[in-house]
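# Coordinate analysis (summary)
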Amino acid sequence: MTGHRAALLGAAVVVGLSAAPSLADGSDDRTAYLAETCRGCHAAAGPSAAIPAIGRAEPDALAATLRDYRDGRRVHPAMAAAVAGLDDRTLAALAAYLASERPAP
Amino acid sequence: MTITRRRLLELAIVGSGLLAGAGPGRSAVPRLVVVGGGPGGAVAARTASRLGGDRVHVTLVEANPTYVSCFFSNWVVAGLRTMADITHRPAQAGEHGIDVVTARVEAIDREGKALRLSDGSRVPYDRLILSPGVDFRFDTVAGYSVEAAERMPHAWKAGPQTELLIRRLAALDQGASVVMVVPPNPYRCPPGPYERAALMAHVLKTSGRGDARITILDAKESFPKQALFQEGWERHYPGMIQWLPPSVHGGLRAVEPAGTAVETEFDRFDGDLVSVIPPQKAGALALDAGLGDADGWCPVEAASMRAKADPSIQVIGDAARAGEMPKSAFAAASQGRVAAVAALADLLGGPRPEPRYFNTCWSLIAPGDAVKVGALYGIAEGAIKSVQGFVSQPGESAEVRRVSAEEAEAWHAAILADMIG
């Protein structure tokens, strides 16, 4: 889980948190789980399709996109439901985690 | 399971235990055993393996060396995919740190926390995730049976039944009559029968048999995405598909065992092809283990998919009574993720993220024309309830419906990647 923690530290920098999330508060496991839920529709790698692969996303842009879906600035009802109720910090951690994943060679 | 395989398993357990730092006197790495290589079981196993790493030993038991998916089998009926496209090898999961065992589970020894396999071997577990799918209640349709299904294909478990339906469809003459019998809730893939009607009409229409008729004898007064289906049927297959609820046909009485007719309380429907999708229940493995309720489905704790009858077993997918979630491949995979995370929390300690169940059902009405329905689900008052849903709207543009069809294909690739890729 070391790589995941590093990703979370990265996310903390992105959103300007003074204290990084720790394993103790469960954020790490929650982020890992949330990232798994994305696989319900999104392949980690592959050609760009009607549902894009997310394995190589850039974290800042991905977090902004997820906020836009949540807040209705981008309209996609399934994506809006997928990120409903997730706060900015959670989305930033999720985006950083997803960006840290690389397609299998 | 062969001796060689068992020894490999023991070595794997010892090896991974050492890697995880399990010391002498402490039991080895906890054993998570998953039964069922469909979307629920395969995704549960993959998720547990990915997130648990060396801290858990994951075994996937599947009776068949190949798994033929029900999802996308309607695309095969339509001629848009082949049987090979929906035939998969669960053993490929073995390339991802999962011990894959190809054997039938004869029984679950809940007391001894072990599976008894068809070859007589035992597979002990600390936690068991069951994804047994559905079985048919053949006895609830007078005149129907396993044998009669060879004349009146259900094709609701993909494989030879799918191929039989395709052959029978191909053999129909112009002006043929197709009769579909559709079961009461709950059943696998709620919109599936109506998608199938559309895609059978597509096959008939594009092969010079547009004068054929498909009559759906439903056990329900309404069905999912009804307005969307009825609009799509009329758009592509005007006059070909007739849907009749019980208030019109009076209720199913019997099917002719020869496969030529269906009798209802009010009428008799002759068919050149009769397809009967029987009422369903949880897979026998779960019910034989005493995990089901009086209606034949398995009650579970909403937050973990843990069986109410046994804290060491989780039941996921179509067999589970999962609140407001439909019985779909997408839902099964979503429940598989929740079950895996909950199992890891139980076995290894640590926090337990709040579940975010999700489902989307795409239905193809014609090539490049699909509609969808879906939702995010959470826990409310101890049950799985919809939090935020979405559904296609009647009158959507051809472009929107084309994108929905492309989404369905992208989802298919994604769930296969998650199961076995």
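The structure under discussion appears in the preceding block.
In this section: the sheet that holds strand β9 (residues 127-130) of chain B. All names here are of chain B. As summarised here, the arrangement of the five strands in space is β5-β2-β1-β9-β20, forming an open sheet in which the pairing is parallel. Taken across any chain shown, the strands that pair with only one partner, and hence form the sheet edges, are β5 (99-102) and β20 (313-315). Neighbour to neighbour, the strand axes of the sheet diverge by 20 degrees on average, direction disregarded. Sheet strands touched by helix α2 (residues 39-52): β1 (31-35), β2 (57-62) and β9. Its angle to β2, the strand with the most contacts, is close to 165 degrees. Running at roughly 170 degrees to β9, helix α9 (residues 329-348) makes contact with β1, β9 and β20 of the sheet.

Along the chain, B:Thr215 turns up in strand β12 (residues 213-218). Once you skip the residues sitting within four places of it in the chain, B:Thr215 turns out to touch B:Val178, B:Val179, B:Met180, B:Gln242, B:Leu244 and B:Phe269.

To continue, consider the interface of chain A and chain B. Taken together, the 27 residues of chain A in the interface contact 26 residues of chain B. Carbon and sulfur atoms make up 67% of the area that chain A and chain B hide from each other, which totals about 2200 Å². Contact with chain B buries surface across chain A, with A:Tyr33, A:Glu36 and A:Arg39 losing the most and accounting together for 28% of the total. Across the contact surface, chain A and chain B share one salt bridge. In this structure, the salt-bridge partner of B:Arg50 is A:Glu36, at a minimum N-O distance of 2.7 Å.

Our next topic: the packing of aromatic side chains. All names here are of chain B. Under the counting rule described, the total for this entry stands at 16 aromatic pairs over all chains. Residues phenylalanine 72 and tryptophan 75 carry aromatic rings whose centres are separated by 4.3 Å and whose planes lie at 10 degrees to one another, so their mutual orientation is stacked. Residue classification places tryptophan 75 among the buried residues on the basis of a relative accessible area of 6%. Seen in terms of ring centroids, phenylalanine 229 and tryptophan 233 are 6.1 Å apart; in terms of plane orientation they differ by 40 degrees. Their pairing is tilted. Here phenylalanine 229 and its partner tryptophan 233 are both found in helix α6 (residues 226-236), four residues apart, which amounts to about one turn of the helix.

Calculation criteria
- Residues numbered from 1 in each chain as written.
- Chains lettered and ligands numbered in written order.
- Predicted model: local features only at pLDDT ≥ 70, side-chain atom pairs only at ≥ 80, totals over all residues.
- Heavy atoms only, no water.
- Pairing = 2+ DSSP bridges.
- Helix = DSSP H or I, 4+ residues; strand = E, 2+ residues; numbered from the N terminus.
- Axes fitted to C-alpha atoms, helices over the stretch in contact; angles between N-to-C directions.
- Contact = heavy atoms within 4.5 Å.
- Buried area = accessible area lost by both parts, 1.4 Å probe.
- Salt bridge = Lys/Arg side-chain N within 4 Å of Asp/Glu carboxyl O.
- Phe/Tyr/Trp six-rings, centres within 6.5 Å; stacked < 30°, edge-to-face > 60°.
- Buried < 20%, exposed > 50% of the residue type's maximum accessible area, 1.4 Å probe, protein only.

Function cannot be inferred from these measures alone, as they are strictly geometric.
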